[in-house]
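Notes for the structure review
Okay, here's what each chain looks like letter by letter:
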Amino acid sequence: MKNLHFYIYTAIFSCVMILWSCSDQEYDDYKKFAEGGEINYTEKVDSLKAFSGKNRVMLQGIIDADPKITEFRVFWNDGRDSVSVPVNRSGGVDTLSVTINDIPENIYNFQVRTYDAEGNKSLVSNVTGAVYGERYQNTLYNRPVLANDLVGGLLSISYASMDLTTGVIGTEILMDGQSDPIFIPIDSDKYDISNYEVGDSYKYRTLFLPEETAIDTFVTDYVSYTPVAKPILENAAIPFKASSKSGRWGILENWTTTEPVLVHGGYGGWDEWNGNIFNIESGWGASAINNGKIYQTVPGVQEASYVLNVLIRNTNHQLSDPGGSYFVVAKGSTLPDVSDVETAEEVLAYKRINLDLGSEYTYRLEFTVDEGATDITVGQITTQADGDPGRFCNVRSWDIVVK
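Residues numbered from 1 in each chain as written. Predicted model: local features only at pLDDT ≥ 70, side-chain atom pairs only at ≥ 80, totals over all residues. Heavy atoms only, no water.

1. Looking at the overall build of the protein
Which entries qualify depends on this criterion: Only DSSP runs of H or I covering at least 4 residues are called helices, and only runs of E covering at least 2 are called strands; the numbering of each starts at the N terminus. Just to be clear, the radius of gyration here is over C-alpha atoms, and the globule rule we use is 2.2 Å times residues to the power 0.38. Relative accessibility thresholds used throughout: buried, under 20% of the residue-type maximum; exposed, over 50%; partly exposed, between the two (1.4 Å probe, protein chains only).
Assigned secondary structure in the protein consists of two helices and 27 strands. Computed over C-alpha atoms, the radius of gyration of the protein comes to 41 Å, more than 25% over the 22 Å expected from 2.2 N^0.38 for 403 residues, which places it beyond the range of a compact globule. The principal-axis extent of the C-alpha atoms belonging to the protein is close to 140 × 70 × 35 Å. Counting every position in the protein, which comprises 403 residues, the buried fraction comes to 44%.

Take a look at the structure:
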């Protein structure tokens, strides 16, 4: 039993000595570590953010506890570049902000530390920020304008959609003689300007923000444009109106219809059975049509480039048909004969009607008026057979737009 007590006392004594020795070593290590005195840190910048700009960037963060802070410094390019900014503490929450100018386009990692008057510094706050410049600018382009329709003093501008990932936010219009631009946001595809005078000009450019919080807006170069009065066709879409009718068939109001089209008891061109539509039809008991025409003249069309859009519902005209059927634009107050349509000097544009193009198809006739105040005539000319089946072309609408 005595031996057991001896071993227990010996073990306890050994443990005490080991603990004392370790404590003494830790004390020596602490003294060695703290030989230069206590290390003081200033308050670290919180909520650090970077706001992109054009060859510049703005950094913002907050401090709210340390009254000793006298400056903060920003480092980038692995510390090779830096800027120092004085800080005047208010005693509450202060926002630290700096804009770094004349910095090349790139993506940067910024490191921020605060300092007091004795040179003590904070731990590092990091933030990544992008700087935009010429490379980004060179990718930008003006929002495409689909149409400038000037009718009776009302200018309606139609815009195409754009890729929103480019940062596009809208278009700016500046009227001649005005200093304040009009902003059209990117989610608007049309803008109307009233009391617009023929011959007046406007210029436009497109605005971009590379990031939602960017501090600079990028813009394209201004483009100047003088809208041209839109040539107007009357009674040019479903439901077409008839000046007179008998049963299913009638004669189109505001259009000139020649005798060969009137194969339905003295009527033709307006078709109630197909939904008050424009339709030159032969066959199924009606006579053939030889050089029939339905047309409308638009006076005083301005010098510009245009497109006549003719939207059809369906047709059965074929390229192999003798004679053929055409949509035509010509100078003057009438249309040429079917046999001359492809060679007549007055013809500005034509398209042959062809079922191979399909139903619900829009025929685009592009043409240019190179002299101001020119009368033009648009319409359909046709030579088509009788029989069963005959020939037809149901037209939904006619429209002339300025290119």
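Let us keep going from here.
2. Description of the environment of Ile 39
Note that Ile 39 resides in the loop between helix H1 (2–33) and strand E1 (46–52). Sequence separation between Ile 39 and Asn 55 is 16 residues, and the spatial gap between their C-alpha atoms is 39 Å.

3. Concerning the sheet that holds strand E8 (residues 145–151)
To be explicit about the condition: Here, strands pair whenever DSSP counts at least two bridges between them. The axes used here are C-alpha line fits, helices contributing only the stretch in contact, and every angle between their N-to-C directions lies in the interval 0 to 180 degrees.
Within the open sheet, the three strands sit side by side as E8-E9-E12. Their pairing is antiparallel. At either end of the open sheet lies a strand with only one pairing partner, and these are E8 and strand E12 (190–193). Within this sheet the neighbouring strands show an average axis-to-axis angle of 15°, counted without direction. Inspection of the sheet shows strand E9 (residues 154–159) paired to E12 by four bridges, in the antiparallel sense. Looking at E12, one finds that Ile 157 is bridged to Tyr 191.

4. Focus on the pattern of salt bridges
Opposite charge on two side chains lets them pair, provided their charged atoms get close. Convention followed: For this document, the term salt bridge refers to a Lys or Arg side-chain nitrogen within 4 Å of an Asp or Glu carboxyl oxygen.
Under the criterion given, the structure shown has 15 salt bridges. Of the charged contacts in the structure, one is a salt bridge between Arg 248 and Asp 271, with a shortest N-O distance of 2.9 Å. Residue Arg 248 is located in the loop between strand E16 (242–246) and strand E17 (249–252), and its partner Asp 271 is located in strand E19 (residues 269–271); the two are separated by 23 residues in the primary sequence. Note on Asp 271: relative accessible area 0%, which makes it buried. Between Glu 360 and Arg 396 there is a salt bridge, and its shortest N-O distance comes to 2.9 Å. Taken together, the positions of Glu 360 in the loop between strand E24 (347–352) and strand E25 (362–369) and Arg 396 in strand E27 (residues 393–402) put the pair 36 residues apart, joining distant regions of the chain. Ionic contacts of the salt-bridge type, sharing partners, join the residues Arg 248, Asp 271 and Glu 281 into one network.

5. Side note on empty space enclosed by the protein
Note the cut-off: Cavity means a closed set of points on a 1 Å grid over the protein atoms alone, one where a 1.4 Å probe fits but cannot get out, pocket means an open set with protein on both sides within 12 Å along at least 5 of 7 lines, and lining means a residue has an atom within 4 Å of a point. Grid points are joined across faces, edges and corners, and a volume is the space filled by probe spheres set on the points.
Across all of its chains, the model carries one cavity of 30 Å³ or more by this definition. By volume, the largest cavity amounts to about 40 Å³. Taken together, Val 45, Leu 48, Leu 59, Gln 60, Gly 61, Phe 72, Leu 96 and Val 112 form the lining of the largest cavity. Take the lining of the largest cavity: its biggest share by element is three residues, from strand E2 (residues 56–63).

6. Here's the deal with unusual backbone geometry
Of the consecutive residues Ile 238 and Pro 239, the connecting peptide bond is found in the cis state with omega at 0°. Along the chain, Pro 239 turns up in the loop between strand E15 (223–225) and E16. The omega torsion of the bond from Asp 388 to Pro 389 falls at 10°, within 30 degrees of zero and hence cis. A positive phi angle, close to 55°, is found at Asp 102, a residue other than glycine. With respect to the helices and strands, the residue Asp 102 is situated in the loop between strand E5 (94–101) and strand E6 (106–116). Asp 102 sits in the exposed class, given a relative accessible area of 75%. Positive phi is not limited to glycine here, since Asn 254 has a value of about 75°.

7. A look at the packing of aromatic side chains
Stated formally: The rule is short: rings of Phe, Tyr and Trp, with Trp giving its six-membered ring, pair when the centres are within 6.5 Å, and they are stacked under 30 degrees, edge-to-face over 60, tilted in between. Comment: the charge-over-ring label is applied if NZ (Lys) or CZ (Arg) is within 6 Å of the ring centre and within 35 degrees of the ring normal.
Enumeration over the complete set of coordinates arrives at 16 aromatic pairs. Measuring from centroid to centroid gives 6.3 Å for Trp 284 and Phe 392, while their planes differ by 50°, and the two rings are tilted. Here the residue Trp 284 occupies a position in the loop between strand E20 (277–279) and strand E21 (289–301), and Phe 392 occupies one in the loop between strand E26 (374–384) and E27, the gap between them amounting to 108 residues. Judged by its relative accessible area of 15%, Phe 392 falls in the buried class. Three or more aromatic residues link up through ring pairs in this structure, and these residues are Phe 240, Trp 255, Phe 278, Phe 327, Tyr 361, Tyr 363 and Trp 398. One cation-aromatic arrangement involves Arg 73 over Tyr 115; the distance from NZ or CZ to the ring centre is 3.8 Å. Across the ring face of Tyr 222, the terminal group of Lys 203 is positioned such that the distance to the ring centre comes to 4.7 Å.

8. Brief notes about the environment of Phe 392
The test is simple: Residues count as neighbours in contact if any of their non-hydrogen atoms are within 4.5 Å of one another.
Each C-alpha atom of the pair Phe 392 and Ala 65 lies 86 Å from the other, and the pair is 327 residues apart in sequence. Contact partners of Phe 392, with chain neighbours within four places excluded, come to Asn 279, Ile 280, Glu 281, Trp 284, Asn 314, Thr 315, Asn 316, His 317 and Gln 384.

9. With respect to the pairing of E16
Pairing geometry for E16 and E17, over four bridges, is antiparallel. Pairing of Ser 246 across the sheet is with Trp 249, part of E17.

10. Some thoughts on the side chain of Ser 122
Our working rule: N or O atoms closer than or at 3.5 Å make up a polar contact, with two conditions inside protein: a donor-capable atom paired with an acceptor-capable one, and, for residues adjacent in sequence, both atoms drawn from side chains.
Among the secondary structure elements, Ser 122 is positioned in the loop between E6 and strand E7 (125–131). Residue classification places Ser 122 among the buried positions, given a relative accessible area of 0%. Of the polar contacts made by the side chain of Ser 122, one reaches the backbone nitrogen of Thr 114; its length is 2.9 Å. Contacts of Ser 122, omitting those with residues within four sequence positions, involve Tyr 41, Thr 42, Glu 43, Lys 44, Arg 113 and Thr 114.

11. Notes on the side chain of Thr 171
Positionally, Thr 171 belongs in strand E10 (residues 168–175). Those residues in contact with Thr 171, other than ones at most four positions away along the chain, are Arg 143, Tyr 159, Ile 182, Phe 183, Ile 184, Tyr 204, Arg 205, Thr 206 and Leu 207.

12. Here we look at the nonpolar core
Basically, it comes down to this: We call a set of buried Ala, Val, Leu, Ile, Met, Phe, Trp, Tyr and Cys residues a nonpolar core when their side-chain atoms join them within 4.5 Å.
Ranked by size, the top nonpolar core spans 36 residues in total, and within it Phe 278, Tyr 306, Leu 308, Phe 327, Phe 367 and Trp 398 carry the most contacts. At the level of elements, E21, strand E22 (304–315), strand E23 (324–331), E25, E26 and E27 are the ones that each hand at least two residues to this core. With sequence-adjacent residues up to four places away left out, Phe 367 is seen in contact with Ala 304, Ser 305, Tyr 306, Val 307, Leu 308, Val 329, Leu 348, Ala 349, Ile 376 and Ile 400.

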